Amino acid sequence: MNETSVAGKAIVYSGDRRLTAGRIDCPLAHNGTRLIMPDAQNRLTALDALRGLAALGVVLFHYLPYYDRLYDHSFSSPGFLDFGRYGVHLFFMLSGFVIFMTLERTRTSGQFALARAFRLLPALWAGIALTYLMVHWLGPEDRMVSIDAALMNLTLLHEYLGYPHVDGAYWSLVIEATFYVWIALLFYGLGDWRRIRTVLWAWVLVSYAGVIWWKAIPDALDFLLKDLLFVRYAPLFISGMLIYRAYRDRRLPALDISLLALSIGHCLVAYKAPFSIFVLACYGIFALAVAGYLNGLSRPSLLWLGSISYTLYLVHQNIGYGLIDLTYQAGLPGQLGVVLALAVAITLAAVLHYGIEKPALVYYRQWRANQPTPTARTVIGTERPQEQSGRG
């Protein structure tokens with residue numbers, strides 16, 4: 001549901017577009033070459049650190065207040081951990097930012113699909129197998145699924161076909177995968193930002209209508225609006241895309257600014273206070289990180305946590321519940337069960353990250369390196385000022 005890293009090397013495209021992946025362009029030097037701002041890489045590694053913090057917030061929410069609601073803890077947990085469930089919303093913002101960057105440096109929809117598959121599926125499949133086996137061993141019994149459901153989870157189509165999640169956290173992966181399909185269709189199908197923006201305007205307006213009249217949505221439109229268009233979450237992705245464009249171009253045209261403001265304001269309608277205010281604060285933190293004001297977060301521990309955030313998300317919830325249950329059955333304090341679950345989840349996440357996720361990415365990159373170098377894809381109609389040099 002996220003990228004390993006959003007920091008990387010500068011990429012120069014053929015033709016009239018220069019785009020950076022992970023760094024920001026400086027004004028042109030006297031000889032027409034571009035310089036790279038020295039703090040720009042840290043600027044985006046701060047986003048990796050935010051991803052790690054968001055993942056930790058989700059895990060603590062599941063292990064403490066949410067577990068308490070489902071099964072009852074023997075102790076009280078801090079009320080502020082309820083906000084941890086909205087760490088997923090920060091993930092969605094980050095996905096919009098990073099995926100649009102990825103699209104602009106990928107020539108074909110097939111290459112994009114292949115890159116996403118290598119990025120997500122090997123670790124997902126390993127996480128599904130591990131979670132299925134451990135939940136059937138440890139419990140909880142109400143979290144066990146059939147082998148048919150587990151196999152359907154491998155496709156990320158299971159929710160659409162009425163099968164339960166192997167792990168409760170997988171609901172957001174279904175939304176992520178659906179977002180990839182929609183944005184790829186728009187990007188490679190329309191190929192012009194002005195056309196794409198028109199569709200995004202319609203999507204955000206429909207999202208407002210969907211959340212305002214959520215309970216009144218007709219049955220005939222329920223699946224389309226709630227599932228395929230995920231109207232409770234779509235503006236989070238769209239705002240991330242627009243923040244990326246502002247980062248890349250150092251400006252936004254008026255229509256993009258208006259769409260960004262409308263996308264951000266959606267959270268005030270979609271979620272109840274004080275959680276709506278918290279999501280709004282996440283936007284502020286995200287923007288500060290992109291602008292370079294949170295570079296102090298780029299510490300090794302947080303960056304490492306960010307690097308394993310995807311695999312941590314895959315294996316933490318139901319396995320953790322089984323370990324907490326096991327601790328209670330042994331007559332030990334519930335707090336010890338939470339610590340045990342957290343330690344095991346982080347360990348399993350690290351094993352999957354280094355043993356599955358990273359090797360799959362290395363293999364894909366090596367395979368791509370042996371393919372013919374493609375001409376870079378670009379979305380025209382970006383309303384960007386003409387460059388002083390480098391034009392074809």
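These figures come from a predicted structure and were not determined experimentally. (Residues numbered from 1 in each chain as written. Predicted model: local features only at pLDDT ≥ 70, side-chain atom pairs only at ≥ 80, totals over all residues. Heavy atoms only, no water.)

J.: Just to check I follow, could you spell out the overall build of the chain for this structure?
T.: On a plain count of helices and strands, the chain comes out with 14 helices and four strands. Here the chain, with 392 residues, has 50% of them falling under the buried criterion. Restricting the contact set of the chain to residue pairs at least 6 apart, pairs at least 24 apart contribute 74%. Of the roughly 17,200 Å² of accessible surface on the chain, a fraction of 64% belongs to carbon and sulfur atoms. (Helix = DSSP H or I, 4+ residues; strand = E, 2+ residues; numbered from the N terminus. Buried < 20%, exposed > 50% of the residue type's maximum accessible area, 1.4 Å probe, protein only. Contact = heavy atoms within 4.5 Å. Areas by Shrake-Rupley, 256 points an atom, 1.4 Å probe, with all protein chains shown as cover.)

J.: What should I look at first to understand unusual backbone geometry in this one?
T.: Where the residue is not glycine, phi is negative for most of them; where a peptide bond is considered, it is trans in most cases. Note the cis peptide between Gly-139 and Pro-140, where omega equals -5°. Looking at where Pro-140 falls in the secondary structure, it is placed in the loop between α3 (109–138) and α4 (147–153). Residue Pro-274 is bonded to the preceding Ala-273 through a cis peptide linkage, with omega at 5°. Along the polypeptide, Pro-274 turns up in the loop between α9 (254–270) and α10 (275–290). We note that Phe-230 has phi near 30°; this positive angle belongs to a residue other than glycine.

J.: Explanation requested: the layout of surface pockets in the structure shown.
T.: Leftover empty space is mapped by rolling, across the atoms, a probe with the size of a water molecule. Taken as a whole, the second largest pocket encloses approximately 430 Å³ of empty space. What lines the second largest pocket is a set of 21 residues, among which Ala-113, Ala-177, Thr-178, Tyr-180 and Val-181 lie closest to the centre. Looking at which element gives the most residues to the lining of the second largest pocket, the answer is helix α5 (residues 171–190), with nine residues. A class-by-class count of the residues in the lining of the second largest pocket yields 17 nonpolar, three polar and one charged. (1 Å grid on protein atoms, 1.4 Å probe; cavity = no way out; pocket = protein on both sides within 12 Å on 5 of 7 lines; lining within 4 Å. Points joined across faces, edges and corners; volume = space filled by probe spheres on them. Nonpolar A, V, L, I, M, F, W, Y, C, P; charged D, E, K, R; others polar.)

J.: Hey, could you run me through the pattern of salt bridges in this one?
T.: Applying the stated criterion to the full structure yields nine salt bridges. A salt bridge links Asp-82 to Arg-69; its shortest N-O distance comes to 2.2 Å. With Asp-82 in the loop between α1 (40–71) and α2 (87–104) and Arg-69 in helix α1, the pair connects residues that are 13 residues apart, well separated along the chain. Glu-357 is the partner of Arg-119 in a salt bridge, and the nearest nitrogen-oxygen pair spans 2.6 Å. Of this pair, Arg-119 sits in helix α3 while Glu-357 sits in helix α14 (residues 334–369), and the two are 238 residues apart along the sequence. For Arg-119, a relative accessible area of 3% corresponds to the buried category. Look at the salt bridges and you will find they share partners, linking Glu-104, Arg-248 and Asp-249 into a network. (Salt bridge = Lys/Arg side-chain N within 4 Å of Asp/Glu carboxyl O.)

J.: Got a minute to help me understand the nonpolar core in this structure?
T.: Leu-47, Phe-97, Leu-200 and Phe-286 are the most contacted members of the largest nonpolar core, which totals 101 residues. When sequence neighbours within four positions are dropped, the list of residues in contact with Phe-286 reads Leu-47, Leu-50, Leu-90, Met-93, Leu-94, Phe-97, Gly-240 and Ile-243. (Core = buried A, V, L, I, M, F, W, Y, C linked by side-chain atoms within 4.5 Å.)

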